[in-house]
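Structural features, examined
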Amino acid sequence: MVNGPEGLLLNVDADRWEHIEWRTVEDEVRRLRGRIFKAVQEGDWPKARNLQKLMLRSRANTLLSVRQVTQRNAGRKTAGIDGEVALTSEARAKVAVRVHSTIGTWNPRAVKRVFIPKAGSAAKLRPLGIPVIMDRCHQARVRNALEPEWEARFEPRSYGFRPGRSCQDAIESIFQATCQKLAKRTWVLDADLAAAFDKIDHSRLLEAIGAFPARDMVRAWLKAGVFETGKGFAPTGEGTPQGGVISPCLLNIALHGLEAAAGVRYHTGSRAGDTVAGCPIVVRYADDVVALCHSQEQAKQVKERLAEWLEPRGLVFNEDKTRIVHLGEGFDFLGFHIRRYPNGKLLTTPSAPAVKRLKLRLATEMRALRGSNAKAVISRLDPIVRGWAAYYRSVVSSEEFASLDHYVWALTFKWAKHSHPNKPTYWTVNRHFGKFNKFRNDKWVFGDPESGAYLPKFAWNNIVRHTLVQGRASPDDPDQVEYWAERRKRVKPPIDRYTLRLLTRQDARCPLCGDHLLTAEQPPQSPEQWAHWWLHVTRRAIASDYLVHHGRPSSPDGDQTRLVHASCHRGYLAHQRRSPAQQT
């Protein structure tokens, strides 16, 4: 058998792992998640707990969790305090056996503390906690049992770190609530929670989790402690470390009920999902909160109620980032600037700090690339340009895109002049700028004359309004399979027409494993994630459920270019290297 660890135990090798029928495994996990969601939705808690126990001991869940952690996640090469990673099929098979054999007996280990710069401030550092690979796999297992329960319970306007929801959904929700000229909610409480991940009260969180079958393991992860180089081990009495697979889900559980605490009320019956008149509207993305209120006084009342509700949970507002503003003044949220202008029109644009951060990054990259060739410049900047444009293409960005194109042109022209100091300007222009993109009548495209590679422009991305996810819609709801299938077809990724044509021709499925290539359930959540997406598209090796080109054009039936999962592509290449006879 190859669809469970019992098969792997018989013969732990690369071929055994690569020939697992992943589509069958994912269907099994998806079906169990749907059954848990339905049981919770119907209030059948005994059935829900039994199904969660079934998920926790499911072989398919173990296999899928190990695959996600060791093969698809971007952090698969990052080790915890034990230094262990699993980058080969044989190592992944062994990890799967170890994980399944330690269900119920595994003792979590301390996480490795590392620091990364905070967005917008290189001087401030954000602490991350990196669990060991075994803990990450067990956390992914537990999350598959815990998440569908809470997907059936979460508030409709909670968008952070949830399947099928993204930053664009949060922004579109705010836009729809305030875009009308006669919209009455014109005062905004723009709130930020101070160190939310690090300050969550453990007792309150465990109380919210209730009788979840793996509650003791969750408690053990919360109490596992951290290990920091130079400081040694330190216990954790509060918070859940950023970097853990299950941490975002735990944060959402800790903050569940925030809408009700703010005074939000919803209609029932035929108007289910609509907010009751006079109530505020609260949009939350993880620990970033926006409350749309009718008056300044109501905004102050909402802030007081939320502060009182957050206190026993160990959380407080970051007063430096929390303010009450009128919609006419505008506010920044998730890298966007939202403002109603005197003519009554509401516009959502890229925020000035986000543009400044991008320009600083581009300038830093170009300074580091002095002495490199044009191909290296394109390889470095291409995913940054595409990723940033993909993140902001759903708002009013045309003018900003044009301005950024001019900025990038100035950087590349300066680089070209520095690379060829003894050449006249016309020679430099003719060598590095021209109509490299045959589909664009633009002679000022920066490119490499030797390889034909070129740097795309921001303005080439059409502005496409994002389609807001419906109310409480969740990919775990078995009654909404058709909705998510239609959404997957309707919400097109920011890729070129040729790739879209391949996607349609393949019915959006990977020919190697048969699973969906693009899932609306897990969209990239930031410009950096979109940049990572594009980086691996161009290099033909990509993490998670994203795309790469793979094919053998010399085959007898013509063009065999296909879109495949990166993990499938890596496994295919590894199999080809081990079997030279098959390559011929």
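So, here's what we can say about the structure. Fair warning: this is a prediction, and the values are worked out from it, not measured in the lab.

1. Considerations on the overall build of the protein chain
A count of helical and extended segments in the protein chain gives 23 helices and 15 strands. For the protein chain, the residues scored as buried account for 53% of the 584 residues in total. Considering only contacts in the protein chain between residues 6 or more positions apart, those separated by 24 or more positions represent 67%. A total of about 27200 Å² of accessible surface is found on the protein chain, and carbon and sulfur atoms cover 51% of it.

2. Looking at the sheet that holds strand 9 (residues 331–333)
Read across the open sheet, the 3 strands follow the order 9-10-11; overall the sheet is antiparallel. At either end of the open sheet lies a strand with only one pairing partner, and these are strand 9 and strand 11 (346–350). Here the average twist between neighbouring strands, direction ignored, is 30 degrees. Pairing geometry for strand 10 (residues 336–340) and strand 11, over 5 bridges, is antiparallel. Looking at the pairing, Phe-336 lines up with Pro-350 of strand 11.

3. What to know about the nonpolar core
Counting residues in each nonpolar core, the largest one holds 128 residues, and the members touching the most others are Val-142, Val-218, Leu-250, Ile-253, Phe-331, Phe-333 and Phe-458. Beyond its immediate stretch of four places on either side in the chain, Phe-333 contacts Ala-170, Ile-171, Ile-174, Val-283, Tyr-285, Asp-288, Val-289 and Val-290.

4. Description of the pattern of salt bridges
The tally for this structure, following the rule as stated, stands at 23 salt bridges. Ionic pairing is found between Asp-479 and Lys-38, a salt bridge with its closest N-O pair at 2.2 Å. Residue Asp-479 is found in the loop between strand 13 (445–446) and helix 19 (481–490), and its partner Lys-38 is found in helix 3 (residues 22–41); the two are separated by 441 residues along the sequence. A residue is classified by how much of its surface remains accessible, and Lys-38, at 23% relative accessible area, is partly exposed.

5. Points about helix 8 (residues 167–178)
Spanning 12 residues, helix 8 covers 17 Å between terminal C-alpha atoms, matching the ideal 16 Å at 1.5 Å per step. For helix 8, a buried count of 11 out of 12 residues is recorded, marking the element as mostly surrounded by other parts of the structure. Buried within helix 8 are the following residues: Cys-167, Gln-168, Asp-169, Ala-170, Ile-171, Glu-172, Ser-173, Ile-174, Phe-175, Ala-177 and Thr-178.

6. Structural notes on the side chain of Thr-240
Looking at where Thr-240 falls in the secondary structure, it is placed in the loop between strand 5 (232–234) and helix 12 (247–254). Assessed through its relative accessible area of 3%, Thr-240 is described here as buried.

7. Description of the environment of Ala-376
Position of Ala-376 relative to the elements: it lies in helix 16 (residues 374–392). Exposure remark for Ala-376: the relative accessible area of 28% places this residue in the partly exposed category.

8. Quick look at the sheet that holds strand 7 (residues 288–293)
If you walk across this open sheet you meet the 4 strands as 6-7-3-8, and the pairing is antiparallel. Only two strands of the sheet have a single partner each, and these edge strands are strand 6 (281–285) and strand 8 (323–326). On average, adjacent strands in this sheet sit at an angle of 20 degrees to one another, irrespective of strand direction. With 5 bridges joining them, strand 6 and strand 7 adopt antiparallel strand pairing. Paired with Val-282 across the bridge in strand 7 is Ala-291. Seen against the sheet, helix 8 touches strand 6 and strand 7 and runs at an angle of roughly 165 degrees to strand 6. Along the sheet, helix 14 (residues 296–310) contacts strand 3 (187–192), strand 7 and strand 8; its crossing angle with strand 3, the most-contacted strand, is approximately 25 degrees.

9. Things to note about the packing of helix 7 (residues 133–151) against helix 11 (residues 215–222)
With their axes 11 Å apart at the nearest point, helix 7 and helix 11 run at an angle of 140 degrees to one another. When the interaxial angle is binned, helix 7 and helix 11 end up oblique. The two elements helix 7 and helix 11 meet at a crossing, and its hand is left-handed. Contacts from Asp-135, His-138, Gln-139 and Val-142 in helix 7 reach Met-217, Val-218 and Trp-221 in helix 11. Looking at the contact of helix 7 with helix 11 residue by residue, the classes come out as 4 nonpolar, 2 polar and 1 charged.

10. Side note on the pairing of strand 6
A large share of strand 6 lies buried, amounting to 5 of its 5 residues. Both faces of strand 6 are covered, namely the face carrying Ile-281, Val-283 and Tyr-285 and the face carrying Val-282 and Arg-284. Between strand 6 and strand 7, which pair antiparallel one after the other, the connecting turn spans 2 residues, and Ala-286 there sits at a positive phi close to 60 degrees.

11. A short note on the packing of helix 3 against helix 7
For the pair helix 3 and helix 7, the least separation of the axes is 8 Å and the interaxial angle reads 40 degrees. When the axis of helix 3 is compared with that of helix 7, the two are oblique. Pair helix 3 / helix 7 crosses with right-handed handedness. Here Val-29, Arg-33, Ile-36, Phe-37 and Val-40 of helix 3 come into contact with helix 7, specifically with Arg-143, Asn-144, Ala-145, Glu-147, Pro-148, Glu-149 and Glu-151.

12. Describing the pairing of strand 11
Of all 5 residues in strand 11, 4 are buried, a share of seventy percent or more. Hairpin geometry of strand 10 and strand 11 is characterised by an intervening segment of 5 residues between the two adjacent antiparallel strands and by a positive phi of about 90 degrees at Gly-344.

13. Here we look at helix 16
The end-to-end C-alpha distance of helix 16 is 27 Å, a good match for the 27 Å that 19 residues give at a rise of 1.5 Å each. For helix 16, the principal kink sits at Leu-381 and spans about 35 degrees; a proline, Pro-383, occurs within the next four residues. A large share of helix 16 lies buried, amounting to 14 of its 19 residues.

14. Looking at the packing of aromatic side chains
Scanning the model with the defined rule gives 19 aromatic pairs in all. Both rings, one in Trp-409 and one in Phe-413, keep their centres 5.2 Å apart while their planes meet at 15 degrees; by these two values the pair is stacked. With a gap of 4 residues between them, Trp-409 and Phe-413 both fall in helix 17 (residues 398–419), about one helical turn apart. Here Trp-409 falls in the partly exposed class, since its relative accessible area comes to 30%. Among the aromatic residues, ring-to-ring pairing joins Phe-336, Trp-388, Tyr-391, Tyr-392, Phe-401 and Phe-458 into one connected group. Geometry around Phe-175 places Arg-465 over its ring, the cationic atom sitting 4.3 Å from the centre.

Quick notes on the rules
Residues numbered from 1 in each chain as written. Predicted model: local features only at pLDDT ≥ 70, side-chain atom pairs only at ≥ 80, totals over all residues. Heavy atoms only, no water. Helix = DSSP H or I, 4+ residues; strand = E, 2+ residues; numbered from the N terminus. Buried < 20%, exposed > 50% of the residue type's maximum accessible area, 1.4 Å probe, protein only. Contact = heavy atoms within 4.5 Å. Areas by Shrake-Rupley, 256 points an atom, 1.4 Å probe, with all protein chains shown as cover. Pairing = 2+ DSSP bridges. Axes fitted to C-alpha atoms, helices over the stretch in contact; angles between N-to-C directions. Core = buried A, V, L, I, M, F, W, Y, C linked by side-chain atoms within 4.5 Å. Salt bridge = Lys/Arg side-chain N within 4 Å of Asp/Glu carboxyl O. Expected span 1.5 Å × (residues − 1). Parallel < 35°, antiparallel > 145°, perpendicular 65-115°, else oblique. Left-handed = near helix turned anticlockwise from the far one by under 90°. Nonpolar A, V, L, I, M, F, W, Y, C, P; charged D, E, K, R; others polar. Bend = angle between axes of the 7 residues up to and from the residue. Phe/Tyr/Trp six-rings, centres within 6.5 Å; stacked < 30°, edge-to-face > 60°. Lys NZ or Arg CZ within 6 Å of the ring centre and 35° of its normal.

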